[in-house]
Amino acid sequence: MLRHATKRILGLESPVATRILPRFYHERVVDHYNNPRNVGAFDKNDSTVGTGLVGAPACGDVMKLQIKVDEETGKITDACFKTFGCGSAIASSSVATEWVKGKHTEEVLTIKNTEIAKHLSLPPVKLHCSMLAEDAIKAAVKDYEAKRGKSVASTTAKS
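Residues numbered from 1 in each chain as written. Predicted model: local features only at pLDDT ≥ 70, side-chain atom pairs only at ≥ 80, totals over all residues. Heavy atoms only, no water.

(A) Here's a closer look at the overall build of the chain. A count of helices and strands for the chain gives 6 helices and 3 strands. Taken from N to C terminus, the helices and strands of the chain fall in the order α-α-β-β-β-α-α-α-α. The buried share of the chain, reckoned over its 159 residues, is 36%. For the chain, the proportion of contacts with a sequence separation of at least 24, taken over those separated by at least 6, is 61%. In the structure as shown, the chain presents an accessible area of about 9,600 Å², 57% of it carried by carbon and sulfur atoms. (Helix = DSSP H or I, 4+ residues; strand = E, 2+ residues; numbered from the N terminus. Buried < 20%, exposed > 50% of the residue type's maximum accessible area, 1.4 Å probe, protein only. Contact = heavy atoms within 4.5 Å. Areas by Shrake-Rupley, 256 points an atom, 1.4 Å probe, with all protein chains shown as cover.)

(B) Structural detail: the state of the cysteines. Overall, the coordinates contain 0 disulfides when judged by the stated rule. Looking at the unpaired Cys86, the closest cysteine sulfur is the one in Cys129, lying at 3.6 Å. According to the relative accessible area criterion, Cys86 is buried, its value standing at 18%. Residue class for Cys129 comes out buried when judged on its relative accessible area of 0%. (Disulfide = S-S within 2.5 Å.)

(C) Molecular detail of the pairing of strand β3 (residues 76–84). Alignment of strand β2 (residues 61–69) against β3, held across 8 bridges, turns out to be antiparallel. From the neighbouring strand, Ile67 faces β3, where its bridge partner is Ala79. From the end of β2 to the start of β3, which pair antiparallel, there are 6 residues, and Gly74 there has a positive phi angle of about 80°. (Pairing = 2+ DSSP bridges.)

(D) Structural detail: a nonpolar patch on the surface. A cluster of nonpolar side chains, namely Leu53, Val62 and Phe84, defines an oily patch on the protein surface of about 340 Å² accessible area. Note on placement: Leu53 falls in strand β1 (residues 49–56). Overall, the relative accessible area of 60% leaves Leu53 in the exposed class. (Patch = residues over 30% accessible without salt bridge, like charges linked within 9 Å, V, L, I, M, F, W, Y side chains within 5 Å. Salt bridge = Lys/Arg side-chain N within 4 Å of Asp/Glu carboxyl O.)

(E) Examining the environment of Leu127 more closely. Relative to the elements of secondary structure, Leu127 occurs in helix α6 (residues 127–158). The class of Leu127 is partly exposed, set by a relative accessible area of 29%. Contact partners of Leu127, with chain neighbours within four places excluded, come to Asn113, Ala117 and Leu122.

(F) Inspection of the environment of Lys64 at higher detail. Assignment of secondary structure puts Lys64 in strand β2. Each C-alpha atom, one on Lys64 and one on Gly52, is 5.6 Å from the other, the two residues being 12 residues apart in sequence.

Structure, rendered in structure tokens:
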């Protein structure tokens, strides 16, 4: 690499021969990265809020996805996220929050990373981002159900 740069600087090599084409993201990734939907946080101590915190040690991406659930209907009324990571991770989080709104907690567990990856046209090297989003959804539902189990148990104990 250094040899090529030196030759190019000295004019001994054509810059066209060593040009590296930039990698382009799909327009949906760029849209969700530039205009992320539902960025924010809910009170994690709220009994109607489920929080999923997941990370990928290989790349350093960390994703926190939260859902707010209507306790009477079991439907997710709102969702938000905070993600530290690449554009694909942010876009995957943004899409996930859009997709879970208005669905039952059981229904969102069927959202697969492959669907998110396909929607965003993620390349194979970025599939872990959509996997994080799927894992965050599952973790948020699990957290909500754990809180709900505790609140049902405490209500029963008080009676």
